[in-house]
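Residue-level structural notes
In case you want the letters, here they are:
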Amino acid sequence: MRFEELPTPCFVVDEALIEKNLKILSGVMQRTGAKIILAQKAFSMTTLYPLIGEYLNGTTASGLFEARLGYEAMGKENHVFAPAYREDEIDEILSICDHIIFNSFSQLEKFKDRALRAGRKVGLRINPECSTQVGHEIYDPCTPGSRFGAKREDFRPELLDGVSGLHFHTLCQQNSDDLETTLRAVEENFGEWLPRMEWINFGGGHHITRDDYDLSTLEACIKRMQEQYDLKVYLEPGEAVALNAGYLVASVLDLHKNGIDIAILDTSATCHMPDVLEMPYRPPLFGSGESGEKPFTYRLTGQTCLTGDVIGDYSFDQPLKCGDRLVFGDMAIYSMVKTNTFNGTPLPAIAVQDKDGDCRVVREFGYQDFKMRLA
Ligand SMILES: *Cc1c(COP(=O)(O)O)cnc(C)c1O
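Definitions and limits used
- Residues numbered from 1 in each chain as written.
- Predicted model: local features only at pLDDT ≥ 70, side-chain atom pairs only at ≥ 80, totals over all residues.
- Heavy atoms only, no water.
- Helix = DSSP H or I, 4+ residues; strand = E, 2+ residues; numbered from the N terminus.
- Rg over C-alpha atoms; globule rule 2.2 N^0.38 Å.
- Buried < 20%, exposed > 50% of the residue type's maximum accessible area, 1.4 Å probe, protein only.
- Contact = heavy atoms within 4.5 Å.
- Areas by Shrake-Rupley, 256 points an atom, 1.4 Å probe, with all protein chains shown as cover.
- Near = heavy atom within 4 Å.
- Polar contact = N/O pair within 3.5 Å; in protein donor to acceptor, adjacent residues only side chain to side chain.
- UniProt positions renumbered as here; feature names shortened; annotations may be inferred.
- Domains from an automatic or database assignment.
- Buried area = accessible area lost by both parts, 1.4 Å probe.
- Salt bridge = Lys/Arg side-chain N within 4 Å of Asp/Glu carboxyl O.
- Axes fitted to C-alpha atoms, helices over the stretch in contact; angles between N-to-C directions.
- Left-handed = near helix turned anticlockwise from the far one by under 90°.
- Nonpolar A, V, L, I, M, F, W, Y, C, P; charged D, E, K, R; others polar.

Moving on, we come to the overall build of the chain. Scanning the chain for helices and strands turns up 11 helices and 16 strands. Its C-alpha radius of gyration of 22 Å places the chain within 12% of the 21 Å reference for a compact globule of 375 residues. Projected onto its principal axes, the C-alpha coordinates of the chain cover approximately 65 × 45 × 45 Å. The buried share of the chain, taken over its 375 residues, is 57%. Partitioning the contacts of the chain with sequence separation of at least 6, the portion at a separation of at least 24 is 68%. As displayed, the chain has an accessible area near 16,600 Å², and 49% of this comes from carbon and sulfur atoms.

Below you can see the structure in the form of C-alpha cells.
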C-alpha cells in the first residue's frame, strides 16, 4: 500500500534509510576490522534483522529475552550484558550467547566458571569514572552512585583468569571526541589489564550515522586499541543503526482551545513515544515549524488522562482539521521497544516501507494485547 493508506497510529521504518546507516557502519568495519553488533534494546524490529545481519556481525542483549530474540531472528554473534543475572536464567543465557559480560567481580565469582565450561567468552564491564555528558545524569553510567561496572578500586585480579575482554558503555548520542576522552580514562585506570585481554567492547552511544559524526577519530581510536594492545574491538550501537530511519504516522482526532489551540491525536507521548517525556526531546514533524514560526500554532497532545501527555507545540501553514495525518520523524529508535498500553491506549501498527516506497503492515495490535498483560 501507499504511505498515505497506512492505518494510524503506525510506526513505519524505511528500509532504504536503515541500509544507508548500515553502509556507514560497514564502512567503519571494513576500514578498521572492528566488529559492530546491534544493541537490540534501541531497535528490535526482527522483520529487518535479515537485512541488518547482511552488514553487522550480530546482536547484543540486555537480558535473556532480547538474547533469545537475537538468537532466533539474526543467529549471528550474540552478546549479552545485564547488571545482574538470575540463577534461573543463566543456563539458558549460556546456551544461546557466545559473549557474556558481567557487571561486577561478585557476578564473575558466581557465574564465570559455568560460562567458561559452556565455552563462552567472558567479559567484565568496567566503570572508567569519566563523565562526558553534562546535565544528563539518568543516561550517564559514570555518574556518582551508578550501579554500572567495576571501578579500578573494585578490581580483584585473582578473578581475572578466563576473562577475555573488557566492556565499557558510557556514551549517549555522542561524537567520537568523547570516545577519545573516555578511552584515555580507560587506559589510565585499566591499562595494566589490557595486554592480557583478547577484546574490548566500546559499548553504544556512538552517533556514528549522524551527519556531523567524526568517523576518522573513531577509526583512530579503534586502530590504537588494535595496534597498541593487540585487541579485537567491538562496538554495539543501537541508535546509530536506525537513526532517522522511521516515522510515527498519526491522525488528528479533535481540536480544542484553552489559551492555545490544541490538537488531540490518535497517538500519545506517554504510550507511544515515552522518550519525548523521559529524555526529553522534541520529535521532528514533517511540514511543521517551531511554535509561532508558521501562522497556525497547535499544542499536539495524546489521548491519555495524563495532562502532560504533550508531544510539543508546532506550527503549520494551514489550520489543522480532524482527519489530518501528521508524520513524526526519527521514530524507529527507542520507540516501539518502549510502548505501553496505559489507559488502554491501542499500540501503533508496525510497517515497513521498501526501497520502491511501497508500504506493508507487518504487525497490528488489538484489545487482546492490552488485556493479556493484566489479570
Ligand atoms: C544502551 C546500550 C547500548 C546502545 O546504546 P545506543 O545509545 O542506543 O547506541 C549498548 N550497550 C549497552 C550496554 C547499553 O546499555
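Another aspect to go through is the site of the ligand. Close to the ligand lie 13 residues; Lys41, Gly205, Glu236, Gly238 and Tyr334 are nearest. In the environment of the ligand, an oxygen atom lies 2.8 Å from a nitrogen or oxygen atom belonging to the backbone of glycine 205. Here a nitrogen atom of the ligand sits 2.7 Å away from a polar atom, N or O, in the side chain of glutamate 236. Bound to the protein, the ligand loses 88% of the 390 Å² it would expose on its own.

Quick look at the UniProt feature "domain: Orn/DAP/Arg decarboxylase 2 C-terminal" (unreviewed entry) in the chain now. Mapped onto this structure's residue numbering, the UniProt feature "domain: Orn/DAP/Arg decarboxylase 2 C-terminal" (unreviewed entry) falls at residues 72–331. Each end of residues 72–331 is marked by a C-alpha atom, and these two atoms are 25 Å apart; helix forms 25% of the span and strand 23%.

Turning next to the domain arrangement of the chain. By domain assignment, the chain separates into domain 1 (3–11 + 246–331 + 339–371) and domain 2 (33–242). The straight-line distance from the C-alpha centre of domain 1 to that of domain 2 is 34 Å. Listed per partner, the contact involves nine residues of domain 1 and nine residues of domain 2. When the area that domain 1 buries against domain 2 is broken down by residue, the three leading residues are Glu278, Met279 and Val352, summing to 64%. The interface formed by domain 1 and domain 2 holds zero salt bridges in total. The interface formed by domain 1 and domain 2 contains zero residue pairs in polar contact (both at pLDDT 80 or more). For the side of domain 1 that touches domain 2, the secondary-structure elements that each account for two or more residues are helix H10 (275–278), strand E15 (349–353) and strand E16 (359–363).

What follows concerns the packing of helix H1 (residues 15–32) against helix H7 (residues 215–229). Running from amino to carboxyl end, H1 crosses H7 at an angle of 35°, the nearest separation of the two axes being 10 Å. Our pair here, H1 against H7, has a crossing hand that is right-handed. Between H1 and H7, the residues in contact are Ile24, Val28, Arg31 and Thr32 and Leu215, Leu218, Glu219, Ile222, Lys223 and Gln226, respectively. Residues that form the contact of H1 with H7 fall into these classes: five nonpolar, two polar and three charged.

Cis geometry is found at the peptide bond from threonine 8 to proline 9, where omega equals -5°. Counting through the fold element by element, proline 9 comes out in the segment before strand E1 (10–14). Cis peptide bonds are those with omega within 30 degrees of zero, and the linkage from methionine 279 to proline 280 qualifies with -20°. Secondary-structure assignment places proline 280 in the loop between H10 and strand E12 (296–301). In this structure, glutamate 129 takes a positive phi of about 50° despite not being glycine. Position of glutamate 129 among the secondary structure elements: in the loop between strand E6 (121–125) and strand E7 (163–167). The phi dihedral of glutamine 173 is positive, around 60°, even though this residue is not glycine.

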